[in-house]
Each structure stands twice: as structure tokens, then as C-alpha cells.
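# Per-entry structural report
Chain by chain, the residues:
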Amino acid sequence: QVQLAESGGGLVQAGGSLRLSCAASGSIISINFMDWYRQAPGKQRELVAGISSGGNRNYADSVKGRFTISRDNAKNTVYLQMNSLNPEDTAVYYCKMTARTMTSIRFVDYWGQGTQVTVSS
């Protein structure tokens, strides 16, 4: 079974920082994209940041200049460094991996269970 293990969420004051980690395990052949999404109560899930196998990055306008996505290919891990956090960043953050595995010859999406990030005023 392919699994995504997320960690790093928690409670932080406005202006503080957190680093989220997502480590993929299982029979992974190749990874195309690793992305971070978030979902606040009553709102739709939105893309926060993504990174391709070639290192290309994209960010939501609301987090540009504050968040940084990176990856460690040897560990099949993606990170999200979050600085200058504000209450609007409060949400459940989800890791998504687009990859080929032993169960699929084409690229498919795999999701983590989510980690709660709460930013207080």
C-alpha cells in the first residue's frame, strides 16, 4: 500500500512559523508532482503549493513570499516551510502525490490524511 505520512502541524501565534513534512512510502516507481492543499471550515479545498519532478514550483497568490515548498528525492519527501503565518492560514493541510506505482502504470493521485494548522491572533 502506498502511504503518505504527514507531520508538523500544530498551534502557532500569528507571525510564527511551521514546517510541514510529507513522506511517501510503498512501491513507488516515479513521482511527477508533490503538492500541498488546504481546506478551511466551510470552504473548498485549494492548492497552496506544488513542485514537479524537475523542481518547478507554483504557489497560491495568498502565500507567495511567505511559504516555500521543497523536496528530498532520496527520501520521497516534500516539505512546506510556512513563515509569517496569519489566522487566514488556519486549515487542514493535505499532501498529494502524483506518481506511478506498482499498482498503476499511469500517473495517479495519492492523498495524505491531513494535518491541522491553527494560527491564533
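Right, let's walk through the structure included here.

Here is what the cut-offs are and how they apply
Residues numbered from 1 in each chain as written. Predicted model: local features only at pLDDT ≥ 70, side-chain atom pairs only at ≥ 80, totals over all residues. Heavy atoms only, no water. Helix = DSSP H or I, 4+ residues; strand = E, 2+ residues; numbered from the N terminus. Polar contact = N/O pair within 3.5 Å; in protein donor to acceptor, adjacent residues only side chain to side chain. Core = buried A, V, L, I, M, F, W, Y, C linked by side-chain atoms within 4.5 Å. Buried < 20%, exposed > 50% of the residue type's maximum accessible area, 1.4 Å probe, protein only. Contact = heavy atoms within 4.5 Å.

Here Thr101 is to be found in strand β9 (residues 91–101). Considering only alpha carbons, one finds Thr101 and Gln1, 100 residues apart in sequence, at a separation of 9.6 Å. Looking at Thr101, its side chain comes within polar contact range of the side chain of Tyr110, at 2.8 Å.

Let's shift gears to the nonpolar core. Trp36, Leu80, Met82, Tyr93 and Met97 are the most contacted members of the largest nonpolar core, which has 31 residues in total. Those elements giving two or more residues to this core turn out to be β3 (18–25), β4 (28–39), β5 (46–52), β7 (67–72), β8 (77–82), β9, β10 (104–111) and β11 (115–120). Not counting residues within four places of it along the chain, the set of residues in contact with Leu80 comprises Leu18, Arg19, Leu20, Trp36, Val48, Ala49, Phe67, Thr68, Ile69 and Tyr93.

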